[in-house]
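Chain by chain, the residues:
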Amino acid sequence: ADEGSPTTCEVDAPAMLTSYAMGYLSQKTAASYDLLAHWPEQDVLKLGHCGSAPFSLAGNPKHVKICPFFRTGAGAMVEFSVAPGTVTLAKLMRPRNGALSMFVARGETVSDPAPLHGSVASVRPERGCRELLETMLAKGVEHHLMLCPGDITRSEERRVGKGCRSQWSADA
C-alpha cells in the first residue's frame, strides 16, 4: 500500500475511488478502515482493519507486526496503531438523485486507549464524535472510511470537481 496503490475491502468501489482521490490530493497513501467503536469519555472513534494499511501510518516501521489473522489463525495480517497526528477521513457516497457527494472530516489520531488486533486508529474528530456520528447516520455514510495523513479537506473542495459536493466538511 505504501507504493501508492489504493486499497479497500469487500469490493467497496466508492471506497476505492476515495482512496485514489485522497492519494492524488495528498501524495500519500490512504487506508480503508471500518468504524468499530466510540469511546465517549475520550471523544474518540476506534477505526480498524485487518491489515491493508500502509506501514507509513505507523510512523515507525519497528511498530509494524505481521501476524496470523486473529479470528482464524490462518493467513496473515498487519498489526499496528496509527501514529498520532492530523488526519482526514473521507468517503465518496453512492449516487443519490443522480448526484455524487463526499463525506469529509478532519481529526487527530491519538495514542490508543485500548489496542485491538489489526491496523487500528483512535481518531478524535475536530467537531467531536457525536456530531460526526449524527452526520454519518443522517447522510447515510457507510461504515468504511478512508483515512489519510494530513489535512486535505481544502484540497478536496477545490479539486474533486463540480459534480461532487461535500456532505460535511471541516469548513461547513
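The structure this text deals with has already been given above.
As a starting point, this report considers the structure included with it. Just so you know, the residues in each chain are numbered from 1, in the order the chain's sequence is written. Confidence filtering applies because this is a predicted model: local features only for residues at pLDDT of at least 70, side-chain atom pairs given and counted only at 80 or more, and all residues used for totals across whole chains, interfaces and linings. Side-chain measures here rest on the full set of heavy atoms in the structure, leaving out hydrogens and waters.

## Topic: helix 1 (residues 13-26)
Item 1. Elements are defined by DSSP. Helices are runs of H or I of four residues or more, strands are runs of E of two residues or more, and each kind is numbered from the N terminus. Helix span, expected: 1.5 Å multiplied by one less than the number of residues in the helix. Its 14 residues give helix 1 an end-to-end C-alpha distance of 20 Å, which sits within 8% of 20 Å, the value for a rise of 1.5 Å per residue.
Item 2. Within 3.5 Å is the distance limit for a polar contact, defined as a pair of N or O atoms, with the added protein rule that one can donate a hydrogen and the other accept it, and that residues adjacent in sequence qualify only through two side-chain atoms. A side-chain oxygen of the first residue of helix 1 lies 3.1 Å from the backbone nitrogen of Ala-15; this N-cap is Asp-12.
Item 3. Following helix 1 by one or two positions, Gln-27 adopts a phi angle in the positive range, close to 60 degrees.

## Describing the environment of Leu-145
Item 1. The residue Leu-145 is located in strand 8 (residues 144-149) in this model.
Item 2. Residue exposure (1.4 Å probe, protein chains only): buried if accessible area is under 20% of the type maximum, exposed if over 50%, otherwise partly exposed. Residue Leu-145 is classed as buried on the basis of its relative accessible area, which comes to 1%.
Item 3. Spatially, the C-alpha atom of Leu-145 lies 9.1 Å from that of Leu-92, the residues being 53 residues apart in sequence.

## Brief notes about the layout of surface pockets
Item 1. Both cavities and pockets are sets of points on a 1 Å grid over the protein atoms alone; in a cavity a 1.4 Å probe fits but cannot get out, in a pocket the set is open with protein on both sides within 12 Å along at least five of seven lines, and lining residues sit with an atom within 4 Å of a point. Grid points are joined across faces, edges and corners, and a volume is the space filled by probe spheres set on the points. The calculated volume of the largest pocket comes to roughly 220 Å³.
Item 2. Cys-9, Glu-10, Asp-34, Leu-36, Gly-48, His-49, Cys-50, Phe-69, Phe-70, Arg-71, Leu-116 and His-117 are the residues that line the largest pocket.
Item 3. Elements supplying a minimum of two residues to the lining of the largest pocket: strand 1 (31-39) and strand 2 (44-49).
Item 4. Gly counts as polar in this scheme, as do all residues outside two lists: the nonpolar Ala, Val, Leu, Ile, Met, Phe, Trp, Tyr, Cys and Pro, and the charged Asp, Glu, Lys and Arg. Tallied by class, the residues present in the lining of the largest pocket amount to six nonpolar, three polar and three charged.

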